[in-house]
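Spelled out, the chains give:
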Amino acid sequence: MMKRIFAATLLLMVMAAGFLVAVGSAEAARRTTVSRTQYRILFHQCRYANTKKLRRQCRLAVGRNYRIGRWNPYLDCRTYSGITVCGKLKLSKAERRCVIISMKDGLSRRRAEVECYAFA
């Protein structure tokens, strides 16, 4: 009887460990691979978020969504006015207004997003 209980417990533990490994590897597979330089840009661009809370959320999202590997040619990186950013920027309401005004003044959307994100 004790052998059966032990065997059943052991089987449950092995199944649970397998499940955790599968979930962990599935989560890692969803993360976008980027180079160390791209990762650094993504992480450092969080300093432009408007509040301490948003900066923290941005850095956590970078860690959750990206992993360091090889250069990713599909990651949208751009530099304007000495500011380099990569990926989709999460703009505040004021920053989105700034983008619209800047575009009306003749800036491209991409440049307006970067400048409004960094300076607004």
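Please refer to the structure placed before this passage.
Predicted model only: the values in this text are computed from it and were never measured. (Residues numbered from 1 in each chain as written. Predicted model: local features only at pLDDT ≥ 70, side-chain atom pairs only at ≥ 80, totals over all residues. Heavy atoms only, no water.)

Counted at 1.5 Å a residue, the expected span for helix 4 (residues 93-104) with its twelve residues is 16 Å, and the 17 Å between its end C-alpha atoms agrees. Glu95, Val99 and Ser102 are the residues of helix 4 that are buried. Axial view of helix 4: buried residues confined to an arc of 70 degrees, hence all on one face. For helix 4, the exposed residues set more than 90 degrees away from the buried face come down to Lys93, Ile101 and Lys104. (Helix = DSSP H or I, 4+ residues; strand = E, 2+ residues; numbered from the N terminus. Expected span 1.5 Å × (residues − 1). Buried < 20%, exposed > 50% of the residue type's maximum accessible area, 1.4 Å probe, protein only. Arc of directions from axis to C-beta.)

So, about the packing of aromatic side chains. One pass over the full model with this rule turns up one aromatic pair. On the numbers, 6.2 Å between centres and 65 degrees between planes, the contact of Tyr48 with Tyr117 is edge-to-face. In this pair, Tyr48 sits in the loop between helix 2 (36-44) and helix 3 (52-65) while Tyr117 sits in helix 5 (residues 109-119), placing the two residues 69 residues apart along the sequence. Each member of the pair, Tyr48 as well as Tyr117, carries the same accessibility label: buried. Positioned above the aromatic ring of Phe43 is the side chain of Arg59, whose terminal nitrogen or guanidinium carbon lies 5.5 Å from the ring centre. (Phe/Tyr/Trp six-rings, centres within 6.5 Å; stacked < 30°, edge-to-face > 60°. Lys NZ or Arg CZ within 6 Å of the ring centre and 35° of its normal.)

Inspection of every chain in the model, using the stated rule, returns five salt bridges. Arg78 is paired through a salt bridge with Glu113; the nearest N and O atoms lie 3.8 Å apart. Of this pair, Arg78 sits in strand 3 (residues 77-80) while Glu113 sits in helix 5, placing them 35 residues apart in sequence. Neither residue differs from the other here; Arg78 and Glu113 are each classed as buried. Among the ionic pairs, Arg111 bridges to Glu115, the shortest N-O distance being 2.7 Å. Taken as a pair, Arg111 and Glu115 lie in helix 5 at a separation of four residues, close to a single helical turn. Bridged by salt links that share partners, the residues Asp76, Arg78, Arg109, Arg110 and Glu113 form one connected network. (Salt bridge = Lys/Arg side-chain N within 4 Å of Asp/Glu carboxyl O.)

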